[in-house]
Amino acid sequence: MRTEPDVIVIGAGAGGPVIAKELGELGIRVLVLDAGPWYGNKKWPEPNKNRGQVKESSDPKDLDGALYRNQLTRLENDMDDLINGKFRWGPADRRRSPWFRNVPDRSLLWQVSGIGGGTLHYYSNSPRAFPEAIDNEWPISYNELIPYYEKVEATLPVEFAPTTTKEALFYFGAEKAGYSMNQTLDVTSTGYRPQPNAILPPNENLMNPNYSMEEISHMEGCTLSGLCGQGCPYGPSLEKMAKRSTVVSYVPLAMETGNVSFRPNTFVTKVLTENTAGGERRATGVEIRDTWTGETEELRAKVVVMAAGCFETPRLWLNSDLPYNSWVGRGLTNHYMDAVTGTFDESTLMEIVGSPSTYPFAGHTSGARLDYPGVGMIETLGESPGIAAQSLFGFSQYGYNSLQQNDSNMWDQRGRLVGSELDEAMKNYSRTLSLLIITDDEVQYSNRVELDPHIEDEHGPVPIIHYSPSERSKKRREELTKIATNILRKAGAKQVHRSDLPPNYFIHIHSTMRMGYVVDSSCEAYQVERLFIADNSVDYNGLGGPNPTATTQALATRTAEKLALKYFS
Amino acid sequence: MLPSTHQYGYESTYNAIDLGVHEYLISGLDQNISIQKQLEHQAVPLAYPIAIMLDSAATQLVNASQVHPLHNSQFPDGGMFSYLSKNDRIRTLSALENLKLDLYLLPSPFQNNGGMVKFITDALNRFSMFGYYSEWPAYGTTRLNPPGYRTLEFFPPGWFLVGYPGVSLGYRDFRGFLLTMAEVNT
């Protein structure tokens with residue numbers, strides 16, 4: 001951007017590009033900064049190998065679907081290795097270490113730096129929050145959010161997931177367990193339904209053998225290629241890729257406005273402020289560090305929006321010496337998750353779904369769900385072998401199955417599997433159905449992100465994270481786990497394994513800069529004028545259990561409106 | 001902790017050691033954390049201190065007669081951990097993870113650092129499984145190259161074992177829609 005932008009947005013994940021596109025359409029000039037690489041942009045043909053010729057890109061002609069396809073190999077280690085995968089929380093240069101977060105416990109964090117952020121990796125699940133988790137809890141009502149949900153759903157767009165084998169099996173089990181279908185976007189009662197996903201519906205010729213899969217993968221629509229977490233490069237052009245990560249949806253739309261520029265490889269180390277004549281603090285810009293060269297710079301704008309995620313946004317607040325607020329970084333929720341995996345006989349599968357396999361690697365990674373307002377939700381999960389092994393059989397607070405006395409008749413196995421048990425479980429991979437349990441966990445002040453007093457990286461003190469579920473959250477998770485196990489049994493599972501996942505599993509992270517405590521109902525910081533937040537951290541709670549992205553995008557759409565009205569009308 | 005070869009009658013190419021999973025672990029653990037020192041930014045290599053930690057933990061459990069060393073180590077110059085049976089090695093990892101040891105006797109950076117011990121002991125399990133069941137071993141002679149400089153040299157053995165056909169352009173498994181947005185928006 002040749003002249004000073006009106007607004008600087010920190011982070012190009014789920015929320016940042018949404019607010020940028022909305023502001024850009026109003027004629028407001030926006031610069032979006034992101035710490036990671038940009039896949040699918042011709043200005044960075046080798047984004048992991050060198051810093052490229054330029055610093056930013058604002059021309060939609062720079063976007064290139066073929067390049068994106070080339071970079072997103074969909075190989076699980078290449079894409080999702082936590083240490084040096086393309087989708088990791090770290091610098092674009094994969095030879096360097098990831099950026100450290102100190103979680104002093106068993107922990108797994110799925111966070112991604114880069115244009116698109118966590119939506120590069122997400123399963124595109126885009127349900128709305130449960131109305132009862134918003135009404136009488138948040139400072140705003142559910143009805144106030146509806147028009148913004150609708151706008152996001154139309155823009156991405158969102159469609160209910162198509163049925164493939166694993167969803168058919170889940171629906172069968174859910175029916176047998178006594179649940180009925182919830183035919184709605186606004187969930188007020190218990191029931192199952194397809195996931196509302198930000199994935200284009202399958203191409204009408206997907207089942208037509210006259211078209212090769214190669215041809216279909218260059219046409220518009222989901223190919224049911226599965227494993228959405230490894231990125232989706234299938235479609236006729238970048239902005240028409242089937243999975244609607246912001247890098248292929250809101251980012252191109254923002255660039256089309258002619259008012260928005262994106263700058264990758266840029267880590268924001270400080271929000272700059274000044275004191276106004278009235279004695280208030282006001283945001284005036286940011287201090288940045290180029291992740292390739294280490295050069296630092298100050299950038300100025302009239303308004304700053306933090307959209308760096310639930311760990312980085314509070315860390316940035318604290319590292320910027322912004323005014324003290326006892327709720328900054330506090331109230332962290334993460335949907336205290338668990339998982340159960342059912343193994344089926346070939347004959348059972350033939351009988352119920354007419355195929356010998358569940359094909360966990362085909363279709364939407366998570367295409368079906370059971371909603372249970374007041375308790376949480378359950379969703380289907382079909383991951384790749386390495387990720388399935390490590391997150392279902394390698395990650396547990398229960399310890400090793402083989403060292404424990406199995407005193408439960410609910411689960412045949414529980415906890416980590418090793419040796420022959422692991423071998424056996426993984427050899428059944430293609431006949432498994434896994435369900436992820438996602439709890440409506442309570443906000444607790446003690447769950448938090450703060451600055452590590454001893455450890456710094458190149459951007460200052462690193463975040464240290466503490467999360468421990470409340471007794472009520474534990475009870476809810478137990479109840480959901482039993483329901484999920486029952487659904488698997490009713491569907492005909494011969495064996496059920498319970499992962500008993502540890503609490504520090506960070507996929508859905510929310511509420512570390514809560515509305516009503518740190519930001520007002522327009523998502524502007526109470527204590528710093530012209531400083532807004534547009535990520536999951538403003539959530540008042542964990543939404544009742546539903547996946548957070550749609551709500552963050554709806555809120556970002558709303559915040560753009562409020563911000564423009566207050567400062568640019 | 002990984003499935004072993006002769007026990008289950010696989011070809012020798014499926015042995016975790018032949019697959020190089022330990023190399024995956026070592027390079028990953030050495031790269032996992034980097035911090036800012038006073039003047040420079042540097043990686044904190046963890047593989048070696050972890051090996052010392054495992055030996056120290058094994059020795060503590062042997063001294064308490066909770067595990068029993070074999071007569072020979074499987075590896076030349078191996079420490080106490082390598083004298084343990086598979087089951088006793090799992091018991092040692094479990095004791096570490098549950099902090100049922102004298103943490104003062106562990107090497108830096110694990111000494112009296114329970115959070116770090118829990119984090120790393122858990123990670124040893126996960127990294128091993130991801131190394132074994134992902135495509136990593138199939139990078140073959142290029143597997144220790146920087147990530148942008150590797151090529152797949154054969155079909156990943158872990159994928160073959162579990163019946164995953166590999167990266168696909170798509171599947172003709174469309175069984176219709178149970179519900180559409182048009183239906184709920186009316």
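Use the structure listed above.
The paragraphs below set out a description of the structure included in this document. Predicted model, so just to flag it, every value in this text is computed and none were measured. (Residues numbered from 1 in each chain as written. Chains lettered and ligands numbered in written order. Predicted model: local features only at pLDDT ≥ 70, side-chain atom pairs only at ≥ 80, totals over all residues.)

### A closer look at the overall build of chain A
So, point 1. For chain A, the count of helices and strands is 15 helices and 22 strands.
So, point 2. The C-alpha atoms of chain A give a radius of gyration of 23 Å, which matches the 25 Å a tight globule of 569 residues would have.
So, point 3. Taken along the three principal axes of its C-alpha coordinates, chain A extends 75 × 55 × 45 Å.
So, point 4. Scored against the burial criterion, the 569 residues of chain A give a buried share of 65%.
So, point 5. Looking at chain A alone, contacts between residues at least 24 apart form 72% of all its contacts between residues at least 6 apart. (Helix = DSSP H or I, 4+ residues; strand = E, 2+ residues; numbered from the N terminus. Rg over C-alpha atoms; globule rule 2.2 N^0.38 Å. Buried ≥ 20, exposed ≤ 12 C-beta atoms within 10 Å, placed from the backbone. Contact = placed C-beta atoms within 7 Å.)

### Here's the deal with helix α15 (residues 549–567) of chain A
So, point 1. If you check α15 of chain A, its first and last C-alpha atoms are 26 Å apart, about what 19 residues at 1.5 Å a residue would give, namely 27 Å.
So, point 2. Among the 19 residues that make up α15 of chain A, 14 are buried, leaving the element largely enclosed by the rest of the structure. (Expected span 1.5 Å × (residues − 1).)

### Re helix α7 (residues 165–176) of chain A
Residue and element names in this part refer to chain A.
So, point 1. Spanning 12 residues, α7 covers 17 Å between terminal C-alpha atoms, matching the ideal 16 Å at 1.5 Å per step.
So, point 2. Across the 12 residues that make up α7, a large majority, 9, are buried.
So, point 3. Those residues of α7 that fall on the buried side of the exposure criterion are Thr165, Lys166, Glu167, Ala168, Leu169, Phe170, Tyr171, Gly173 and Ala174.
So, point 4. On its buried face, α7 sits against β5 (191–194), α11 (346–353), β13 (368–372), β14 (376–381), β16 (432–439) and α14 (471–490).
So, point 5. Once α7 ends, the next one or two residues include Gly178, with phi positive near 100°.

### Description of the interface of chain B and chain A
So, point 1. Facing 57 residues of chain B, the contacting portion of chain A comprises 74 residues.
So, point 2. Where the side of chain B that touches chain A is concerned, the elements lending two or more residues are α1 (5–8), α2 (21–31), β1 (34–36), β2 (41–43), α4 (86–97), α5 (114–133), α6 (157–162) and α7 (181–185) of chain B.
So, point 3. Looking at the side of chain B that touches chain A, the element that brings in the most residues is α5 of chain B, giving 10 residues.
So, point 4. Looking at side-chain class alone, the side of chain B that touches chain A contains 28 nonpolar, 18 polar and 11 charged residues. (Nonpolar A, V, L, I, M, F, W, Y, C, P; charged D, E, K, R; others polar.)

### A few points about the sheet that holds strand β7 (residues 260–263) of chain A
Residues and elements named next belong to chain A.
So, point 1. Here 5 strands make up an open sheet; going across it, the order is β7-β2-β1-β11-β22 and the pairing parallel. If you trace the sheet from one side to the other, it starts and ends with β7 and β22 (531–533), each paired once. With direction set aside, neighbouring strand axes in the sheet form an average angle of 20°.
So, point 2. As paired elements, strand β2 (residues 30–33) and β7 share 4 bridges and run parallel to each other. (Pairing = 2+ DSSP bridges. Axes fitted to C-alpha atoms, helices over the stretch in contact; angles between N-to-C directions.)

### What to know about the sheet that holds strand β12 (residues 338–343) of chain A
Strand pairing in a sheet is mediated by backbone hydrogen bonds. Such pairs are either parallel or antiparallel.
Residue and element names in this part refer to chain A.
So, point 1. Strand order across the open sheet formed by 7 strands is β5-β13-β14-β16-β12-β19-β15, with mixed pairing between neighbours. The open sheet has two edge strands with one neighbour each: β5 and β15 (413–414).
So, point 2. Relative to β13, β5 runs antiparallel, the two being bridged by 4 bridges. By the bridge assignment for β13, Arg193 is matched with Arg369.
So, point 3. Against the sheet, α7 touches β5, β13, β14 and β16, its axis set at about 35° to β13.

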